[in-house]
Amino acid sequence: MTRRSIAVVLAAMFAAAFALGAFATAQGPVPGGTLVVGIGQNPAHLNPGISTGSDVHAVADSMFNGLVSLDDNASPSPELAERWEVSADARVYTFHLQRDARWHDGEPLTSDDVRFSFERVLLEYHARTRGALAGALAGIDTPDDHTVVFRFHEPYAALLQQLNVTEAPILPRHVYEVDDLSTAAVNLRPVGSGPFRFVEYVIDDRVVLERNPDYFRADLPYLDRLIFRVIPDDNTRLLALERGEVDYIGGVPAGEIERVDALPELTLHSVDSGAGGGFCIMTMAFNLGRDAFSDPRVRTAFAHAIDREQLLEQVLFGNGRVATGPIHSALSAFYTAEVSTYAVDPERAEALLDAAGYPRDANGTRLTATFMHFPAFGRYGEVLRQNLARIGVALELVPLDRAAFVARVFEQRDFDTAVVSYCNNADPSIGVARVYVSSNIGPIPFSNAAAYVNEDVDRAFASAATLADPAERAQHYHEVQRILTAELPYLWLVETRFTAASRAAVQGIEAWQGSPAERAWLAR
């Protein structure tokens, strides 16, 4: 055979192989393979029912389910509940469970597990679910193994939007019914019902999951294995994606988005939701228990000193929006821009600090304050420190990992200021109320960090939750926004978006989901 004929044969073989691959891709998902996900930190644990932290949900949500799932428009569809009915007055929700759903240890999933998950886990430990439902829920009934009935004191319109795996993961009672769930060993050996099941967790290295062969959704997942690699540095994690060492990352550094978008081997996914929640606002919390920050003049001085446009440009590189208050502008049905605003005005800020009794000392310093933050949020601290130095405030940056941050801010309350990515989620009753209602003050991660108390705010949130008409609900949420922006227990900095990225071969990824790889597959 001549060289020319060999070349022709090889070309024909490659063309046929390519055609077969293209045909397979055109026909739909290809089962098998391993997806490697780059994550920024070790999960504190793997129990999504006791935390709203993105570090936990980014991994654990792939092993659990909610009663419903939400699409990228927050519309509910069946998950553990195959169907449901809602009473005409929106006080009673009846859910009918999948009859073939089983836990990873082979035990059947029942209505008793659902009731346990709410009564003993979510309403005690999950900040958003506790904040939204603790006062509204009258009881949960389980008339049989596959029926769950939620009863509310008043009409409750937003329940379906808060029953996905991120907001309300369902846990097996026979595994998680322990004396102190917050410190239980089972939190590192999870047993769920989700598309993937636990294999191993190696601290500072990886979490390995494998396909659940008994998953109640036929043919899912397509992947054989899901590996989460811990790569703390943002740029190193992105480089690993570009080199093909990982297949997906949940966040692209803001300054790199434009460059990555031009790379043909990568695909960007820009969404409002991600692991741990959606419609998020970077929020500066003031510890109202400290003398300085109990004075509204000091909080107002901070508001006039901080340049949020600078944060938007230098930290987010324009990939977001300046926040105006506690409700994300994308929640247009409930958002209002008619709130108190604070232009950048250092002279006004200094006058307020003088009036509050904080003159400059011999070194030019009026006040020293700690600023707690996750390491990934360090750039926010640097900009805020520069802004506040102009008015004589020395901001001491204190980077903390998640466990240490939760302990200092929410348990010990040993902080002056802190920055938290508070996520609204699909409805203010889910993600907003938990930050401001007085019933949610306590050692609950990502709850009311400021320990803010206002009866009018409590009442407005409670009233909004009982109404079905969005226009009537909006009136109460507008009142909340006006009160909070006037009193400033927090300072709302910028609204953020999630920009994930994957290798071009990764298909079916759902970046807005808690379990983005359930329908993912690898084109080959």
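Here, every reference points to the structure presented above.
Everything numeric here is computed off the predicted structure, so don't read it as measured data.

Student: Explain the packing of aromatic side chains to me, please; I cannot follow it from the model alone.
Tutor: The geometry of an aromatic ring pair is captured by the separation of the ring centres together with the interplanar angle, meaning the angle of the planes. Here the structure, examined in full by the defined rule, presents 22 aromatic pairs. Taking 5.5 Å as the distance between ring centres and 20 degrees as the angle between the ring planes, the aromatic pair formed by F286 and F293 counts as stacked. Residues F286 and F293 agree in their burial class; the two are buried. In textbook terms, an aromatic cluster arises when at least three aromatic residues are bridged by ring pairs, as seen for W84, Y93, F95, F118, F150, F152 and Y156.

Student: I tried to follow the packing of helix 15 (residues 455-465) against helix 16 (residues 470-487) on my own but got confused; where do I start?
Tutor: Helix packing for two helices is described by the angle between their axes and how far apart those axes are. Two elements in contact, helix 15 and helix 16, have axes whose closest approach is 8 Å; the angle formed by their N-to-C orientations is 160 degrees. In terms of axis orientation, helix 15 runs roughly antiparallel to helix 16. Relative to helix 16, helix 15 is oriented so that their crossing is left-handed. The segment helix 15 lies against helix 16, with D456, V457, A460, F461, S463, A464 and A465 engaging R473, H476, Y477, E479, V480, I483 and L484. Broken down by class, the residue content of the contact of helix 15 with helix 16 amounts to nine nonpolar, two polar and three charged.

Student: Would you mind going over helix 11 (residues 378-389) with me for this structure?
Tutor: It helps to recall that an α-helix has 3.6 residues per turn; residues three or four apart then point in one direction. When the terminal C-alpha atoms of helix 11 are compared, their 16 Å separation across twelve residues agrees well with the 16 Å that a helix rising 1.5 Å per residue should span. By the burial criterion, the buried members of helix 11 are G378, Y380, G381, V383, L384, N387 and L388.

Student: Hey, could you run me through the pattern of salt bridges in this one?
Tutor: Pairs can form between side chains of opposite charge whenever their charged atoms are close. In the structure shown here, the tally under the stated rule is 30 salt bridges. Across the salt bridge formed by E154 and R91, the nearest N and O atoms sit 3.5 Å from each other. One end of the pair, E154, is in the loop between strand 7 (147-152) and helix 5 (173-176); the other, R91, is in the loop between strand 4 (81-86) and strand 5 (92-97), with 63 residues separating them in the sequence. On the basis of relative accessibility, which here comes to 40%, the residue E154 falls in the partly exposed class. Take R91: its relative accessible area is 30%, and that puts it in the partly exposed class. Between E256 and R259 there is a salt bridge; the shortest N-O distance is 2.6 Å. Here the salt bridges share partners, and the residues they tie into one network are D112, R115, R120, R173 and E177.

Student: How do you make sense of the environment of G250 when you look at a structure like this?
Tutor: If you trace the backbone, G250 turns up in the loop between strand 11 (248-249) and helix 7 (257-261). For the pair G250 and V175, spaced 75 residues apart in sequence, the C-alpha to C-alpha distance is 30 Å. Filtering out sequence-adjacent residues up to four positions away, G250 remains in contact with G38, T499 and A500.

Student: Please clarify how the pairing of strand 6 (residues 137-144) should be interpreted in this entry.
Tutor: The side chains of a regular strand alternate, first on one face of the sheet and then on the other. The pairing of strand 6 with strand 7 spans five bridges and is antiparallel. Bridging across to strand 7, D144 finds its partner in T147.

Student: What is the right way to look at the nonpolar core in this model?
Tutor: In a soluble, globular protein the nonpolar side chains are often hidden away together inside. F405 and L493 are the most contacted members of the largest nonpolar core, which totals 79 residues. L80, L160, V165 and A520 belong to the second largest nonpolar core, which has 73 residues in total.

The rules behind each value
- Residues numbered from 1 in each chain as written.
- Predicted model: local features only at pLDDT ≥ 70, side-chain atom pairs only at ≥ 80, totals over all residues.
- Heavy atoms only, no water.
- Phe/Tyr/Trp six-rings, centres within 6.5 Å; stacked < 30°, edge-to-face > 60°.
- Buried < 20%, exposed > 50% of the residue type's maximum accessible area, 1.4 Å probe, protein only.
- Axes fitted to C-alpha atoms, helices over the stretch in contact; angles between N-to-C directions.
- Helix = DSSP H or I, 4+ residues; strand = E, 2+ residues; numbered from the N terminus.
- Parallel < 35°, antiparallel > 145°, perpendicular 65-115°, else oblique.
- Left-handed = near helix turned anticlockwise from the far one by under 90°.
- Contact = heavy atoms within 4.5 Å.
- Nonpolar A, V, L, I, M, F, W, Y, C, P; charged D, E, K, R; others polar.
- Expected span 1.5 Å × (residues − 1).
- Salt bridge = Lys/Arg side-chain N within 4 Å of Asp/Glu carboxyl O.
- Pairing = 2+ DSSP bridges.
- Core = buried A, V, L, I, M, F, W, Y, C linked by side-chain atoms within 4.5 Å.

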